[in-house]
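Per-entry structural report
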Amino acid sequence: MNLSRRISILFLCLLLAAATAGAQSQKKESPSADKRESLAERIGLIVDDVVSTIQKEFGARNDDAGYRFEVRKALRDRQLTEEESLFEAEDDSSVTFEGATVIHRRDTLNSNVVVKGGDLTVFGRITGDVLVVGGDLYIREGAYIGGNIKVINGDVVKDEDAVVVGYIDKSSSKREKLYREQEKNFRRSSTRLNANWVNEATNLDNFIFRYNRVEGLFLGLGSNKRYYWDDQRSYSLFGSVGYGFKSHAWRGNLGLSRQFAFDDGQLFEIEGEGHSLTDTKDDWLIGVHENTAAAMLIHEDYRDYFRRDGYGISAGYALQQDFVTAQAKVGYLADEYHSMDNKTEWSFFGGKKQFRLNPAIDDGKMRGIVATAGLSTVSSTIDGPEGWSIHTTAEFVNTRYGGVFRFDRYVADIRRYQPLGRWDNFNIRLRVGTSEGVLPVQKEFDMGGLGTIQAYPFKEERGNRMLLMNAEFIINGDFLGDLSFWPSWLMRGVNLVFLTDAGLVRTVAPTARWTEGFEKIQFSDFKHDVGAGISTRNGSFRIAFVWRTDRSEPARFIFRFARPF
């Protein structure tokens, strides 16, 4: 293949990977241009015109994600000048956010604030103007806004002791007002479950694009599961279908959820689903889009795979209110597991590297009860993500249900995201795994390498007990501007990240209770590493080096474009 053709294919694949990954990400945009009161009114008229244009084509449409996309597209198509645009300019007088945003009581923003496609909640101080497009503005007790307020397709809720110096404008055309009422009810009940534990088999892209060593290129279509918190609908149908061009096999799933919404942001559901999937136990290590990029570009596939055919039925409760998301679910799974072999060695780069052999699993029928519970208070703030995420899973598999396996397996994943102010973030994850009975290979716990202890060989240890801790400290790189000789542009938007990992895996007798096997743990039993590098503010993009602490060894290089946890 000649060089130009190879580059063209690379560019196309990167576009496809970026398109699918971008559908699930949220980003902060650059600061925008200086704005006077007259200019704010001018901007308001421009945005009104844009929204009205969108309504003419999509007025009857109740798709929150689609609406936000059309707003962004219309603003781009409008091609506002640098002087007019609140969204495109790049000086320090305004700051722009996407999605739900919180200004905490300790925060003071000496600038204008723009929020697109989400609610803005203010506890602290904003000295400039505020523009919210496609969301509500909540001004809480003790909050202060020193400028004017403009809200498009949303509402303003102001506590009695909150202070707004300027005017509040949420007026619009009659048609826009009617549309806003429809959107407000729908927006307050976003059909996604905002939590990091959502299963890949239900959180699906409309266009499925992935690449791995057991399927090669896989293309398909999908529809994610929706949660109708406001009782807008009673049934949620979801599923996917696609084809692996090297495995020469179709894979997919189809599920139906009967939902009963009650009160505000709560529902009970009964669900049934059938599937024939190329599955993995490594979705917590690395996401499918990031793994696709690694397999295509650097000849590394960090997931292990198996085929899983069967069905499941379950009942559960879910809650999503303000900044709290919770879910509890119990169900019966009837699956048959099959090993999968490597089918391809193609990659753009990597020289003579070869993919790891996909490990064989313990084939056979597995029948059991699976219970999960999760709680998340994670929200987006001007200083990065903040809150708790706790998720637990318990599996009870037994031969009396008709399968060939018998074991109990428990996993708990606890995460804390903590901004320490304008300049610092501290994030930590604790993950614990244990079991009773004989675990099949596809249910054992692995340790080492990406997502675990990053300076050690990938999956070098395996067992039926696991303890893992990952921590990172992120420092805003703007502080280097205090050095008179330091170029101010060099660290703009770039942050320093310091990280450490510690963990252990043990194998105990299958007859041991799940609470046993953690006795007499000493510090020397843990594998440990430390590292340093640069990252974005929320840590989603990072380049770093990590070192083992047990012996002298060259550092390992880490490059990630998604949060490790």
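Parameters at a glance
Residues numbered from 1 in each chain as written. Predicted model: local features only at pLDDT ≥ 70, side-chain atom pairs only at ≥ 80, totals over all residues. Heavy atoms only, no water. Helix = DSSP H or I, 4+ residues; strand = E, 2+ residues; numbered from the N terminus. Buried < 20%, exposed > 50% of the residue type's maximum accessible area, 1.4 Å probe, protein only. Polar contact = N/O pair within 3.5 Å; in protein donor to acceptor, adjacent residues only side chain to side chain. Contact = heavy atoms within 4.5 Å. Pairing = 2+ DSSP bridges. Phe/Tyr/Trp six-rings, centres within 6.5 Å; stacked < 30°, edge-to-face > 60°. Lys NZ or Arg CZ within 6 Å of the ring centre and 35° of its normal. Core = buried A, V, L, I, M, F, W, Y, C linked by side-chain atoms within 4.5 Å. Salt bridge = Lys/Arg side-chain N within 4 Å of Asp/Glu carboxyl O.

Here's the deal with the side chain of Asn495
Looking at where Asn495 falls in the secondary structure, it is placed in strand S29 (residues 495-506). Look at Asn495 and you get buried, because its relative accessible area is 3%. At 3.5 Å, the side chain of Asn495 and the backbone nitrogen of Gly477 are in polar contact. In this structure Asn495 touches Ile474, Ile475, Asn476, Gly477, Gly533, Ile534, Ser535, Thr536 and Arg537, once residues within four positions along its chain are discounted.

Quick notes on the sheet that holds strand S7 (residues 130-133)
Judged by pairing direction, the sheet is parallel, and its five strands sit side by side in the order S1-S4-S7-S10-S13 without closing on themselves. Either end of the sheet is taken by a strand with one partner, and the two such strands are strand S1 (94-98) and strand S13 (168-169). The pairing of S1 with strand S4 (residues 112-116) spans five bridges and is parallel. Within S4, the position partnered with Thr96 by the bridge is Val114.

Details of the packing of aromatic side chains
Evaluated as defined, the whole model comprises 16 aromatic pairs. Each ring, one from Tyr243 and one from Trp250, has its centre 5.1 Å from the other, and the planes form 55°; the classification is tilted. A relative accessible area of 57% means that Trp250 is categorised as exposed. With centroids separated by 6.2 Å and ring planes inclined at 35°, the aromatic side chains of Phe262 and Tyr317 adopt a geometry described as tilted. Note that Phe262 is positioned in strand S17 (residues 249-262) and Tyr317 in strand S19 (residues 306-321), a separation of 55 residues in sequence. Note on Phe262: relative accessible area 34%, which makes it partly exposed. Through successive ring pairs, a cluster of aromatic residues spans Tyr211, Trp346, Phe348 and Phe349. Between the NZ or CZ atom of Arg210 and the centre of the ring of Phe218, over which it lies, the distance is 3.7 Å. Sitting over the face of the ring of Trp284, Arg431 holds its NZ or CZ atom 4.0 Å from the ring centroid.

A look at the nonpolar core
Among the nonpolar cores identified, the biggest contains 25 residues, and Met366, Phe407 and Met447 are the most heavily contacted of them. Put simply, the parts of the chain that give this core at least two residues each are strand S24 (407-419), strand S26 (445-447), strand S28 (465-476), S29 and strand S31 (542-548). Every residue in contact with Met447, bar those within four places of it in the chain, is listed here: Thr452, Ile453, Pro457, Lys459, Glu460, Glu461, Met466, Leu467, Leu468, Gly503, Leu504 and Val505. In terms of nonpolar packing, the next biggest core, distinct from the first, is built from 20 residues, Leu109, Val115, Leu120 and Ile149 among them.

Looking at the pairing of strand S14 (residues 207-212)
Most of S14 sits out of view: five of its six residues are buried. Bridging between S14 and strand S15 (residues 216-223) involves six bridges; their strand directions are antiparallel. Residue pairing across strands places Asn212 opposite Gly216, the latter belonging to S15. Between S14 and S15, which pair antiparallel in sequence order, lie three residues.

Topic: the pairing of strand S25 (residues 424-437)
With 13 bridges connecting them, S24 and S25 associate as antiparallel partners. When the bridges of S25 are listed, Arg409 appears paired with Ser435. Hairpin geometry of S24 and S25 is characterised by an intervening segment of four residues between the two adjacent antiparallel strands and by a positive phi of about 135° at Gly421. Where S25 lies against S28, ten bridges are found, and the strand directions are antiparallel. Across the sheet, the residue bridging to Ile428 is Ala471, located in S28.

Re the pattern of salt bridges
The tally for this structure, following the rule as stated, stands at 35 salt bridges. With its nearest N and O atoms 3.5 Å apart, the salt bridge here joins Arg462 to Glu444. Of this pair, Arg462 sits in strand S27 (residues 461-463) while Glu444 sits in the loop between S25 and S26; the two residues are 18 residues apart in sequence, bridging distant segments of the chain. Residue Arg462 is classed as partly exposed on the basis of its relative accessible area of 41%.

Re unusual backbone geometry
A positive phi angle, close to 55°, is found at Asn153, a residue other than glycine. Within the secondary structure, Asn153 is located in the loop between strand S10 (149-152) and strand S11 (156-158). The phi dihedral of Lys520 falls on the positive side, at around 55°, and the residue is not glycine. By secondary structure assignment, the location of Lys520 is in the loop between S29 and strand S30 (527-535). The exposure class of Lys520 is exposed, given its relative accessible area of 79%.

Coordinates in, geometry out; function isn't part of it.
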